[in-house]
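Inside the fold
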Amino acid sequence: MEQETLALHHGYDKQAFGTMSVPIYQTTAYDFGSAETAANRFALKELGPIYTRLNNPTTDVLEARISALENGEAAIATASGQAAIFFAIANLAEVGDNILVAKKVYGGSTTLLTHTLKRFGINARVFESDHADDLEALIDNKTKAIFFESLSNPQIAIPNIEKIVAIAKKYNIITVCDNTVATPILFQPLNHGVDVSVHSASKYISGQGSAMGGLIVEAKNLNDKLIDNPRYPQFNEPDESYHGLIYATLPFPIFSLRIRLSLIRDIGATIAPFNSWLLIQGLETLSLRVKEHSRNAYKVAKFLSSHPKVLKVSYPGLESDPLHARAKQYFKEAQTSGLLSFEVKDLESAKQILNSTKIFSVVVNIGDSKSIITHPASTTHQQLSIEELEKSGIQAGLIRLSIGLENTDDLIEDLKIALG
Ligand SMILES: *Cc1c(COP(=O)(O)O)cnc(C)c1O
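As a starting point, this report considers the structure included with it. On a predicted model such as this, the values are computed, not experimentally measured, just so you know.

Take the nonpolar core next. Among the nonpolar cores identified, the biggest contains 98 residues, and Ile99, Leu113, Phe147, Ile216 and Phe255 are the most heavily contacted of them. It is helix H5 (residues 81–90) that provides the largest number of residues to this core, a total of 8 residues. When we break this core down by domain, the ones giving at least three residues each are domain 1 (3–274) and domain 2 (287–419). Val300, Phe342, Val344 and Ile373 belong to the second largest nonpolar core, which has 25 residues in total.

In this section: the site of the ligand. Inspection of the region around the ligand gives 15 residues, with Gly81, Asp178, Ser200, Ser202 and Lys203 positioned closest. At 2.7 Å from a nitrogen atom of the ligand is found a side-chain nitrogen or oxygen belonging to Asp178. One of the side-chain N or O atoms of Ser200 is found 2.8 Å from an oxygen atom in the ligand. For the ligand, the accessible surface in isolation is 380 Å², of which the surrounding protein chains cover 94%. By residue number, the principal contributor to the shell around the ligand is H5, which donates 3 residues. Considered class by class, the residues forming the shell around the ligand number 4 nonpolar, 8 polar and 3 charged.

Attention now moves to the packing of aromatic side chains. Two descriptors summarise a pair of aromatic rings, namely the distance from one centre to the other and the angle between the planes of the rings. Tallied over the full model, the rule gives 8 aromatic pairs. Here the aromatic rings of Phe86 and Phe120 are separated by 6.4 Å at their centres, their planes lie at 55°, and the arrangement is tilted. Taken together, the residues span a long stretch of sequence, with Phe86 in helix H5 and Phe120 in the loop between helix H6 (107–116) and strand E3 (123–127) at a distance of 34 residues. Where Phe187 meets Tyr330, the ring centres are 5.9 Å apart and the plane angle is 80°; that geometry is what we call edge-to-face. Here Phe187 is found in the loop between helix H8 (183–186) and strand E6 (196–200), whereas its partner Tyr330 is found in helix H12 (residues 324–330), with 143 residues between them in sequence. Residue classification places Tyr330 among the buried residues on the basis of a relative accessible area of 6%.

The next point concerns the sheet that holds strand E8 (residues 312–314). Strand order in the open sheet formed by 5 strands is E8-E9-E12-E11-E10, and the pairing between neighbours is mixed. Every interior strand has two partners, whereas the edge strands, E8 and strand E10 (361–362), have only one. Across 3 bridges, the pairing between E8 and strand E9 (residues 339–343) is antiparallel. Among the inter-strand pairings, Val313 is bridged to a residue of E9, identified as Phe342. Across the face of the sheet, helix H11 (residues 273–305) comes into contact with E8, E9 and strand E12 (398–402) while running at roughly 10° to E9.

A few words on the packing of H11 against helix H15 (residues 408–419). Two packed helices can be described by the angle between their axes and the distance between those axes. It is at 10 Å that the axes of H11 and H15 come closest, and there the two elements cross at 30°. Classified by the angle between their axes, H11 and H15 sit roughly parallel to one another. Every pair of crossing elements has a handedness; the one defined by H11 and H15 is right-handed. Residue-level inspection shows Asn296, Lys299, Val300, Phe303 and Leu304 of H11 in contact with H15, the latter providing Thr408, Leu411, Ile412, Leu415, Lys416 and Leu419. Class assignment of the residues belonging to the contact of H11 with H15 gives a composition of 7 nonpolar, 2 polar and 2 charged.

Among all positions in helix H7 (residues 161–170), only Ile161, Ile164, Val165, Ile167 and Ala168 are buried. The arc that holds the buried residues of H7, viewed along the axis, is 165°, so those residues lie on one side. Those residues of H7 that are exposed and angled more than 90 degrees off the buried face are Glu162, Lys169 and Lys170. Against the buried residues of H7 lie E3, strand E4 (143–149), strand E5 (174–178) and H12. Phi turns positive one or two residues past the end of H7, at Asn172, with a value near 55°.

Its volume calculated, the second largest pocket comes out at about 480 Å³. Sorting the residues of the lining of the second largest pocket by element identifies helix H4 (57–69), strand E1 (74–78) and helix H10 (254–267) as the ones contributing at least two each. Element by element, the count of residues in the lining of the second largest pocket is highest for H10, at 4 residues. For the lining of the second largest pocket, the class distribution of residues is 12 nonpolar, 3 polar and 4 charged.

Now for the pairing of E12. With respect to burial, E12 is a largely interior element, 5 of its 5 residues being buried. Across the two faces of E12 the burial is the same, with Leu398, Arg400 and Ser402 and Ile399 and Leu401 all buried. Here E9 runs beside E12; their pairing, made up of 5 bridges, is antiparallel. Residue Leu340 lies in a different strand from E12, and its bridge partner there is Leu401. In terms of strand pairing, strand E11 (residues 372–374) meets E12 through 3 bridges, oriented antiparallel. In the sheet register, Thr374 faces E12, and the bridge partner there is Arg400.

Thresholds, definitions, all that
- Residues numbered from 1 in each chain as written.
- Predicted model: local features only at pLDDT ≥ 70, side-chain atom pairs only at ≥ 80, totals over all residues.
- Heavy atoms only, no water.
- Core = buried A, V, L, I, M, F, W, Y, C linked by side-chain atoms within 4.5 Å.
- Buried < 20%, exposed > 50% of the residue type's maximum accessible area, 1.4 Å probe, protein only.
- Helix = DSSP H or I, 4+ residues; strand = E, 2+ residues; numbered from the N terminus.
- Domains from an automatic or database assignment.
- Near = heavy atom within 4 Å.
- Polar contact = N/O pair within 3.5 Å; in protein donor to acceptor, adjacent residues only side chain to side chain.
- Areas by Shrake-Rupley, 256 points an atom, 1.4 Å probe, with all protein chains shown as cover.
- Nonpolar A, V, L, I, M, F, W, Y, C, P; charged D, E, K, R; others polar.
- Phe/Tyr/Trp six-rings, centres within 6.5 Å; stacked < 30°, edge-to-face > 60°.
- Pairing = 2+ DSSP bridges.
- Contact = heavy atoms within 4.5 Å.
- Axes fitted to C-alpha atoms, helices over the stretch in contact; angles between N-to-C directions.
- Parallel < 35°, antiparallel > 145°, perpendicular 65-115°, else oblique.
- Left-handed = near helix turned anticlockwise from the far one by under 90°.
- Arc of directions from axis to C-beta.
- 1 Å grid on protein atoms, 1.4 Å probe; cavity = no way out; pocket = protein on both sides within 12 Å on 5 of 7 lines; lining within 4 Å.
- Points joined across faces, edges and corners; volume = space filled by probe spheres on them.

So, in structure tokens, the structure goes:
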């Protein structure tokens, strides 16, 4: 089945439940009915709901759908995108290990992976993801994961995914790709040899800026890569926290199972059933929305490139963009979401534009149906000096747009007036 159909029907048996909308199981716990059923569920002899921190029937549908949309084997939903990234990495790396992190990633991922994880004894080594020429030299036998974004937020870069995947394969290292901005509609990482995809579902999947959520999807062949791989003893040796269970011996997708049975069990950060339901609504129209966001952003990018006050536009979907060849290589119809950035001459002009737009909201978020305008130099990167900003590729006059679903004539008119 194709993505549009899967997004509407997969993982939910309408006839068995008799409702068109997936029911919200607003419950903490489940009645096992008998002592035997309870014992069997805990012993994994029978899979079924135990307690909502671990699993929930509404969340099951969300997990099944994203897994199908990403062409994966299994998925886990979490309370936020940050929790999804943390669990995916903590499932692979432990104290004394290192992970390789792309230079151009979401700010929250940089702080989590390079600063917070360091406090848990996991060290990040940053690689230049545009070409990945330095990646191989950073690998040693303690390297447990390679993390990158398929379309990075906010730099709007596309890494050399083919090369990253080839190097990871050579050393039997698991790759984790944050696919938040592209969504499975534009890019399916697992079809390109990536092992695990993660999402902030709070962005395009929600679509209306109304629910936080995270998703982790594992590839179809991931068990084969983990079983008997000396890099990952945690899947091949007894887990003392689960009466000596050896994940490698189980007939299930063990990457997600281990997250559920140990990390989600012990750390929580579980998604609320109501948020799972909201995200299921979001998935239903994801394909339509993402294509429309991309078409709208393309038109706005074209307008901005022809404006005399705009110094530079970054939008890989644009034929003239230096990343257009990569957009064509990886992204469906070379569409690259609603995210774009452009540069005006200085900080003052940028502020003036933010204060003059009527339709764009000044917000630090992306993927909402409503258009958003952000000025990184005065918000997310405020602490840096002008020179430091230039060095990190965030010019004082850089503006990021998340193009929504409004009529593009209105958006262009609004920007035209704001640019003056
Ligand atoms: C927003 C975002 C995250 C974090 O997700 P939350 O749901 O806000 O926790 C991670 N990665 C990317 C690319 C994001 O845009």
